[in-house]
Amino acid sequence: MILFVIPAFPLLAALLGAFPRCERYLPQATFIAALASTIVSLYIAAGIAAHGVLIAFPHWVAVDALSAVLLCVITAVTTLAALFSWGYVGTFGHETAFSSRVYYANFNLFVVSMLLIPVVVEPGLAWIAVELTTLLSIFLVAFENTRGALEAAWKYMTITLLGATIAVLGFLVFFWAMKAAHASDFTWDGLRAVAGTMPAPLLQVGFLLVLVGFGAKVGLVPLHTWLPDAHSQAPSPVCALLSGIETTVVLYVILRLLPIVRETPLVHASLWAVIFGLVSVGVAAFLIVQTHDYKRLFAFSTVEHMGIILTAAAIGGSLAAYGTIWQIVNHAFTKSFCFYAAGAVLMLSGSREITAVRGLVERSRIAGVALLLGALAIAGAPPFAVFSSELDVLKAGLARGQYVTTSLLALFIIIAFVGMLAQVNRMVFGLAPVANHGRTPSRARLPLACTVSLVIGAIPAVALGLVMPQPLHALLQQAAAGLAQ
Amino acid sequence: MPLGYAVNGLFLGGFLFFSYRMIAARQVRGVLTAFVAQSLCLAASAFTLGASTMLWELLALGAVTFISKPILIPIVLTRLVPGGIYEIRELPRTVHPRLSLIAAVVLSVLAYLVTLPLVAVALGPTLGAANVVVGFAGLLLGGYQVTIRREAIPQLLGILAMENGAFLAGISIAPDFPLIAELAIAFDIPLLAFIVGLLTRAMHEQIGTTETSSLTSLREESIW
């Protein structure tokens with residue numbers, strides 16, 4: 001039952017928003033709720049590392065090592081996003097109490113929907129949780145209520161719901177395939193147990209429907225077009241949630257299906273995953289070079305990283321599985337940190353344009369350093385955490401003899417690296433002063449909560465590349481073993 | 001059971017007809033009316049299959065579909081979205097209805113060709129076999145509607161029509177799909193209509209239009 005405590009905290013914080021008298025306590029309540037969820041998630045993860053799977057409701061709700069990793073990542077990123085929101089919302093153009101209440105209610109409910117995905121083991125329920133993440137985040141994307149924000153929210157809604165509809169048919173086809181194999185346990189493990197006996201044509205159609213359908217939500221090319229719009233128009237802490245964890249938890253559902261379909265020869269699941277993954281990394285790398293908006297820059301980086309994770313999972317084997325999960329963890333922490341830095345720059349400059357921001361480090365040391373660190377870390381520079389996980393993935397590719405895939409992956413990562421640093425370098429060290437294009441009010445100093453978020457957010461992005469805590473390593477190994485089976 | 005085949009065939013024919021009607025309707029209100037009729041055909045097909053196979057899950061799903069789609073969704077949408085939007089004539093400005101109907105026939109044939117091998121592998125000549133073909137066609141036709149429509153409400157109804165297609169296939173290929181999941185999915189649809197209705201209203205108030213094809217301010221990069 002301890003499992004239900006994790007979503008209960010943000011749910012309570014969301015309910016608090018229903019009472020107008022509590023509105024000024026919402027930032028604190030959201031932060032405390034997220035922190036409490038993180039502590040419980042870590043406790044559960046420690047238990048799973050020691051004793052294995054935790055089953056709350058057989059066939060419906062359970063947590064294994066992979067789910068536990070996801071729970072810890074979601075709650076930890078949410079805690080920092082809540083802290084950043086504390087400084088960001090209400091002090092930066094969102095002064096009305098109504099907006100603040102709407103923001104925190106949606107924020108907490110959105111987090112609850114994301115927490116449901118890794119804990120449900122029945123694919124139909126997982127689909128509902130994914131659908132809820134979209135429905136509960138539409139108004140977070142549209143929060144600024146500008147033409148751009150509403151346009152982004154509409155595109156986000158249309159493409160991701162269209163994808164979810166395709167995916168639901170995919171799950172129904174999986175159920176059909178399971179029944180054709182005379183089985184009745186419609187769970188991730190139940191499907192895996194009868195993987196070899198399910199008809200290959202059904203598995204192929206089912207997997208492709210889910211890959212394309214949920215691929216739209218993950219941001220895989222060519223269904224990624226909503227992602228840079230939504231992730232650039234939403235408030236920065238929401239971007240941290242959307243880019244850092246929402247895309248990942250949906251990708252998690254695809255990763256759960258891969259071991260079920262991988263071993264059926266006619267399905268070609270790994271091939272499809274590599275194609276979608278590499279095309280996403282390649283296209284995102286070239287778009288990173290071209291973009292003129294620094295929030296879109298980080299959004300395209302998310303498309304790139306989703307492609308890397310999918311390709312890594314498709315490579316197969318325990319080393320690649322370890323790299324996949326390690327990359328999920330590092331991307332979540334680092335990308336959310338990048339969006340806090342982007343949010344700080346937006347607060348100081350009032351513009352999202354890369355050309356409008358020059359000499360940032362002179363205007364604000366902390367924002368300039370954070371943006372540079374974030375860009376270096378997410379681009380995969382050593383010794384940051386993303387470098388370590390990308391290296392694991394590339395080594396796994398070479399060890400499995402997948403030279404073409406690995407070479408293309410390395411090439412696209414390098415292009416994205418150069419593009420990212422060229423863009424950010426101009427912003428941080430460029431000669432011209434920071435300009436205010438008047439689109440949004442600029443501030444002289446960052447709120448304390450935002451500064452603290454930037455300092456804390458940098459810690460995992462840097463430290464996890466230098467030191468691997470033994471309990472985390474053990475949990476990752478356990479999760480990788482489950483994914484690679 | 002010949003009577004069951006005939007009755008279900010009638011509802012499937014109706015489902016396909018109203019899918020075409022949604023694509024060809026010139027006014028937003030016409031699209032909504034066709035969606036209601038299509039949803040009624042879906043509920044009726046679920047009742048027919050449920051009665052024929054004595055599966056109470058299908059009867060329950062038919063009842064929930066009957067309440068949520070033909071009743072709740074029009075209520076939610078007409079309450080949230082200003083009435084004038086339903087009188088907008090938007091289709092002739094994008095694709096001519098005759099051309100759209102030809103495209104719809106091509107998509108239906110494509111659905112038939114894709115699903116026939118699947119039905120042969122795992123279903124055989126059962127009562128619900130045609131549901132798979134018509135359901136896939138409904139999914140494709142709904143997707144086509146999303147791409148050709150310029151107004152927010154017909155685009156939303158296109159997505160909901162896709163879901164109708166998925167469920168029409170689902171009641172045949174997965175009749176005993178866990179009911180808790182199916183009920184949650186069925187109740188999720190009115191929530192979806194509610195939230196998208198609110199978003200459409202916000203667009204109408206803030207931008208002054210619900211024509212989504214005019215939302216092009218964020219286009220920036222192109223790899224080509």
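Before reading on, note that the structure itself is shown above.
This structure is a prediction, so every number in the text was calculated from the model and none was measured. (Residues numbered from 1 in each chain as written. Chains lettered and ligands numbered in written order. Predicted model: local features only at pLDDT ≥ 70, side-chain atom pairs only at ≥ 80, totals over all residues.)

Student: Is there a simple way to explain the overall build of chain B in this structure?
Tutor: Secondary structure assignment for chain B yields 7 helices and 0 strands. Each helix and strand of chain B, placed in order from N terminus to C terminus, yields the pattern α-α-α-α-α-α-α. The C-alpha radius of gyration of chain B comes to 18 Å, within 12% of the 17 Å expected for a compact globule of 224 residues. Structurally, chain B occupies a C-alpha span of about 55 × 35 × 35 Å along its principal axes. With 224 residues in all, chain B has 48% of them scored as buried. Taking the contacts inside chain B whose residues are at least 6 apart along the sequence as the reference set, 76% of them involve residues at least 24 apart. (Helix = DSSP H or I, 4+ residues; strand = E, 2+ residues; numbered from the N terminus. Rg over C-alpha atoms; globule rule 2.2 N^0.38 Å. Buried ≥ 20, exposed ≤ 12 C-beta atoms within 10 Å, placed from the backbone. Contact = placed C-beta atoms within 7 Å.)

Student: In this structure, what is going on with the overall build of chain A? I would like to understand it.
Tutor: Scanning chain A for helices and strands turns up 19 helices and 2 strands. A compact globule built from 485 residues should have a C-alpha radius of gyration of about 23 Å, and chain A, at 21 Å, falls within 12% of that. Seen along its three principal axes, the alpha-carbon backbone of chain A occupies a region of about 65 × 55 × 45 Å. The proportion of buried residues among the 485 residues of chain A is 66%.

Student: I tried to follow helix α5 (residues 123-141) of chain A on my own but got confused; where do I start?
Tutor: Quick reminder: α-helices carry 3.6 residues per turn. Residues three or four places apart thus point the same way. The first and last C-alpha atoms of α5(A) sit 27 Å apart over 19 residues, in line with the 27 Å expected at 1.5 Å per residue. Burial of α5(A) is extensive: 19 of the 19 residues sit out of reach of the surface. (Expected span 1.5 Å × (residues − 1).)

Student: How do you make sense of the interface of chain A and chain B when you look at a structure like this?
Tutor: How big an interface is tends to be reported as the loss of accessible area on association of its parts. Contact with chain A, which involves 42 residues of that partner, is made by 38 residues of chain B. Sorting the residues of the side of chain A that touches chain B by element identifies α5, α6 (147-180), α8 (200-218) and α11 (269-290) of chain A as the ones contributing at least two each. For the side of chain A that touches chain B, the leading source of residues is α6(A), giving 19 residues. Among the residues making up the side of chain A that touches chain B, the classes are represented as 27 nonpolar, 8 polar and 7 charged. (Nonpolar A, V, L, I, M, F, W, Y, C, P; charged D, E, K, R; others polar.)

Student: I'm lost on helix α2 (residues 26-51) of chain A in this one. Help?
Tutor: Between its first and last C-alpha, α2(A) extends 37 Å over 26 residues, near the 38 Å set by a 1.5 Å rise per residue. Of the residues one or two after α2(A), A:G52 is the one with positive phi, at around 90°.

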